[in-house]
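Read off the chains here:
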Amino acid sequence: MDYNEFRTAGHVLVDYIADYLEQVKGLKLFNPVEPAYLFELFDEKIPDDPKSLTEIHQTLQQKLIPYCTHVNHPGYMGLITPSPNPAGILAEFLASALNQNIGAYSIGPSATAVELRVIRWLNDMIGYDEKAGGNLTSGGMTANFIGLKLARDFTTKDKAQHEGMNQGWVAYVSEERHVSLDKAVDSVGIGRNNFRTIPTNENYQIRIDLLKEAIQKDKANGLRPICIIGLAGTTNLGAIDDLEALNAIAKEENCWFHVDAAYGGGILISEKHKHLLDGLDLADSVTIDPHKWFYAPLDAGAILVKDHKRLNISFGMQPAYLTDQSQQKNERYQFYVNGFEQSKRFRSLKIWVSFHHYGKSKIAEWIENNISLAKHLHELAIKTENFESATEPKMSAVCLHYKTPQLTDEQNKQLHFAVTERIEAEGKYWFATTIMKGKTWFRINPVNIYTEKKHIDGLFETLKEYCEVEITSHKPVPG
Ligand SMILES: Cc1ncc(COP(=O)(O)O)c(C=O)c1O
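These numbers were taken from a predicted model, which means no experiment stands behind them. In this convention, every chain numbers its residues from 1, walking through the sequence in written order. Per-residue local features are limited, in this predicted model, to residues with pLDDT of at least 70; the limit for side-chain atom pairs, both in listing and counting, is 80 or more; totals at the level of whole chains, interfaces and linings are taken over all residues. Each side-chain value is derived from all of the structure's non-hydrogen atoms; neither hydrogens nor water enter the calculation.

Asker: Looking at this model, I keep getting lost on the sheet that holds strand S10 (residues 432-436). Mind explaining?
Answerer: Strand pairs in the sheet, formed through backbone hydrogen bonds, run parallel or antiparallel to each other. Strand pairing requires that DSSP identify at least two bridges connecting the strands. Helix and strand definitions follow DSSP, with helices as H or I runs of at least four residues and strands as E runs of at least two, each counted in order from the N terminus. The strand order S8-S9-S11-S10 describes an open sheet built from four strands, whose pairing is antiparallel. Of all strands in the sheet, those bounded by a partner on one side alone are strand S8 (387-389) and S10. Taken pair by pair, the neighbouring strands of this sheet meet at an average axis angle of 40 degrees, ignoring direction. Inspection of the sheet shows S8 paired to strand S9 (residues 398-402) by three bridges, in the antiparallel sense. Its bridge partner being in S9, Phe 387 is matched across the sheet by Tyr 402. Residue contacts are counted whenever heavy atoms from the two residues lie within 4.5 Å of one another. The angle between two axes is taken between their N-to-C directions and runs from 0 to 180 degrees, where each axis is a line fitted to C-alpha atoms and a helix contributes only its stretch in contact. Its contacts with the sheet place helix H17 (residues 453-473) against S8, S9 and strand S11 (439-444), and it is angled at close to 25 degrees to S9.

Here it is, written out as structure tokens:
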């Protein structure tokens, strides 16, 4: 290895990244080329003609960068992938170089201590006591999977791990759940047919009355609740279920209470807004994604568990090839017997560095800014003819619907898609669409450090104009 080349190329790369972050607002946010064009661009055999890092960097500038979705662009208000904070970017760089494999303590002693500290911070935010534990994961998908596995083992009195799942167990959640939970009930053997997705009220919170009814109906048919799942920040809208009511039901039914706060958990560091998650500490397990609202670069999700022992009960197998290590004194914390993963990335470093560099209050300020931008967008929409906002945002997610009584539902849906595609193609703003309660919505979520009020105003003006243009292109429905 030529470390001089590494050093030079590394300096160039850091300069390049700094320039990129400074100048990204001038780039086209999204470049809507055909996927086939990109597959062609990278259609190449395994290279065997070594090139300099400089040359490779030039190739990446031509072939990769122009077709990235620039989540650091202030107009990015889409699927929940925030602009990564710059200190976290550097921490990821260092973590790769150290390559600590914290599945086993001996391949990352100090990294294990950092990981445990960050998990402790997350548990403190929730309000869990010293018995709590957790794992950092690839994201909310894996965290929810682990949450459901813990639920399954607890409620079946640790039989399912050995005997597999018997029929007859049911999990409950609101219709606004993230799809990770459907995958999780499938993966742990509960089965999607045994997953009740309960309708929501006008604030998109689970209807407790309907949940109770569903449980009674299932019990009358010989089925038993295995897990009640609460949502603390729905993917579409940031809606928050009544966590205290859900916990009371779970306790009554002697089953696990898991809360998916993958997106919403970030709000816990905001003194102004954290009360919105009152009751979160009642949950047996909680998903929080630091790569969402703590602006950590991907990837960093987390499953936090009120009673740390449950992790060891669910995952505590010790294969012979690791037995020596696991039998070391208990100070040598082994993630592999307290979690699903064996090889395990050192995900906590970027979170630890971010909090040390910016401080909790600064990160909370970014979150609060995102929330006030969302509220501003909501205000603009409700004051404007033909626009509807699903609810007043509690978090940063806003869903807007353009009303077109003269169009069919299908035409209205196509209008939303056409406007979204037009805006995507221009490359100034990016957001998603969704369907809720049978209607199509623009789903706009500024979880971005760089978005300002002027960007929200600009986006809303564009939306208004393009919706009006679209409507004039549609013929009225006959009759
Ligand atoms: C509420 C919620 N849960 C879970 C997930 C899945 O998280 P990840 O994409 O980090 O796996 C998401 C993703 O947006 C989410 O919004």
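Don't stop here, the text continues.
Asker: How should a nonpolar patch on the surface be read in this particular structure?
Answerer: Patches here: salt-bridge-free residues with over 30% relative accessible area, like charges joined within 9 Å, nonpolar side chains (Val, Leu, Ile, Met, Phe, Trp, Tyr) joined within 5 Å. Here the Shrake-Rupley method, with its probe set to 1.4 Å, supplies the accessible areas, and only the displayed protein chains count as covering residues. Definition used for salt bridges: Asp or Glu carboxyl oxygen within 4 Å of a side-chain nitrogen of Lys or Arg. The grouping of Phe 42, Leu 53, Ile 56, Leu 60 and Leu 64 at the surface amounts to a nonpolar patch, some 380 Å² of accessible area in total. Inspection of the secondary structure assignment puts Ile 56 in helix H3 (residues 53-63). The class of Ile 56 is partly exposed, set by a relative accessible area of 35%. Exposed residues in this analysis have more than 50% of their type's maximum accessible area, buried residues have under 20%, and partly exposed residues fall in between, with area computed by a 1.4 Å probe over protein chains only.

Asker: How should the sheet that holds strand S3 (residues 195-198) be read in this particular structure?
Answerer: Here we have seven strands laid out as an open sheet, ordered S1-S7-S6-S5-S4-S2-S3, and mixed in their pairing. Only two strands of the sheet have a single partner each, and these edge strands are strand S1 (133-137) and S3. Each strand of the sheet is rotated relative to its neighbour by a mean of 20 degrees, with strand direction disregarded. In this structure, strand S5 (residues 256-260) lies alongside strand S6 (residues 285-288), joined through three bridges in parallel fashion. Note on S6: the bridge partner recorded for His 258 is Ser 285. Strand contacts of helix H5 (residues 109-126): S1, S6 and strand S7 (301-305), with the helix running at about 115 degrees to S1, the strand carrying the most contacts.

Asker: Would you mind going over the environment of Tyr 20 with me for this structure?
Answerer: In this fold, Tyr 20 is placed in helix H1 (residues 3-23). Residue Tyr 20 is classed as buried on the basis of its relative accessible area, which comes to 18%. The spatial distance from the C-alpha of Tyr 20 to the C-alpha of Ile 65 is 9.9 Å, given a sequence separation of 45 residues. Other than its neighbours up to four places away in sequence, Tyr 20 contacts Leu 27, His 70 and Asn 72. Under this definition, polar contacts are N or O atom pairs within 3.5 Å; protein pairs additionally need one hydrogen-donor-capable and one acceptor-capable atom, and for neighbouring residues in sequence, both atoms have to be side-chain atoms. Within the local environment of Tyr 20, its side chain forms a polar contact with the side chain of His 70, the two groups lying 2.6 Å apart.

Asker: Sorry if this is basic, but what is going on with the pattern of salt bridges here?
Answerer: Note on pairing: side chains with opposite charge can pair once their charged atoms come close. Counting across every chain of the model gives 29 salt bridges. Taking the shortest distance from any N to any O, the salt bridge between Lys 51 and Asp 49 comes out at 3.5 Å. When salt bridges with common partners are traced through the structure, they connect Glu 92, Asp 299, Glu 341, Lys 344, Arg 345, Arg 347 and Lys 350 into a single cluster.

By themselves, these figures tell us nothing about what the structure is for.
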